[in-house]
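Structure at a glance
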Amino acid sequence: MKLRTFAAACAAMMSVSFAAGAALADDPITAKLQNPVAEKTKFIAGGAVFVCEGDTCLAAAPSSRTFAASTCKEVAKNAGAVASFGGARRQLEGAKLEQCNTAALAAQQVANR
């Protein structure tokens, strides 16, 4: 009897852990751009669809890999330099945000040729 109770408790804890992980993955990811985009833009980065309008790009249904410096680089490459990147729980900061914007600089240099 004790073994069944223990097994049920473990199963309940695991399901709560998985649900919490899924909830974190569902937190929208927003990229604030340094300059607004000229027109509405859509692209896929980090396993999510980003929609950019004005100075904001939003991934309303991100995957567990959307919050990453590599995703920020894709946003910068497609929409321009990023002022901030992240969700309600965490943001890219400092050196990672600078690395992100190297993609925007490279894309701008190619466009100017």
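Residues numbered from 1 in each chain as written. Predicted model: local features only at pLDDT ≥ 70, side-chain atom pairs only at ≥ 80, totals over all residues. Heavy atoms only, no water.

**Some points on the confidence of the model for the protein**
Looking at the protein as a whole, the pLDDT averages 82, with 71% of positions reaching at least 70. When the criterion is pLDDT under 50, residues 15-24 qualifies, and its contacts beyond four places in sequence or with other chains add up to two contacts. (pLDDT = per-residue confidence, 0-100. Contact = heavy atoms within 4.5 Å.)

**Concerning the packing of aromatic side chains**
Scanning all chains against the criterion turns up three aromatic pairs. Ring geometry for F43 and F50: centres 5.8 Å apart, planes at 10°, overall stacked. The two residues F43 and F50 agree in class, both being buried. A ring pair is formed by F67 and F85, whose centres lie 6.3 Å apart and whose planes are at 20°; its orientation type is stacked. With F67 in the loop between β4 (56-59) and α2 (69-79) and F85 in strand β5 (residues 82-86), this residue pair connects regions lying 18 residues apart in the sequence. For F85, a relative accessible area of 0% translates into the label buried. (Phe/Tyr/Trp six-rings, centres within 6.5 Å; stacked < 30°, edge-to-face > 60°. Buried < 20%, exposed > 50% of the residue type's maximum accessible area, 1.4 Å probe, protein only. Helix = DSSP H or I, 4+ residues; strand = E, 2+ residues; numbered from the N terminus.)

**Describing the nonpolar core**
F50, C57, V75, V82 and F85 are the most contacted members of the largest nonpolar core, which totals 23 residues. Broken down by secondary-structure element, the contributors of at least two residues to this core are β1 (29-33), β2 (41-45), β3 (48-53), β4, α2, β5 and α3 (94-111). Those residues in contact with V75 that lie beyond four places of it in its chain are A31, L33, F43, F50, C57, G80, V82 and F85. (Core = buried A, V, L, I, M, F, W, Y, C linked by side-chain atoms within 4.5 Å.)

**As for the pairing of β4**
Burial along β4 is one-sided: C57 and A59 are buried, and none of T56 and L58, which face the opposite way, are. Where β1 and β4 come together, four bridges link them in antiparallel fashion. Counterpart to T30 in the pairing with β4 is L58. Inspection of the sheet shows β3 paired to β4 by three bridges, in the antiparallel sense. Paired with E53 across the strands is T56, a residue of β4. Here β3 hands over to β4 after two residues, with G54 in that stretch at a positive phi of 60°. (Pairing = 2+ DSSP bridges.)

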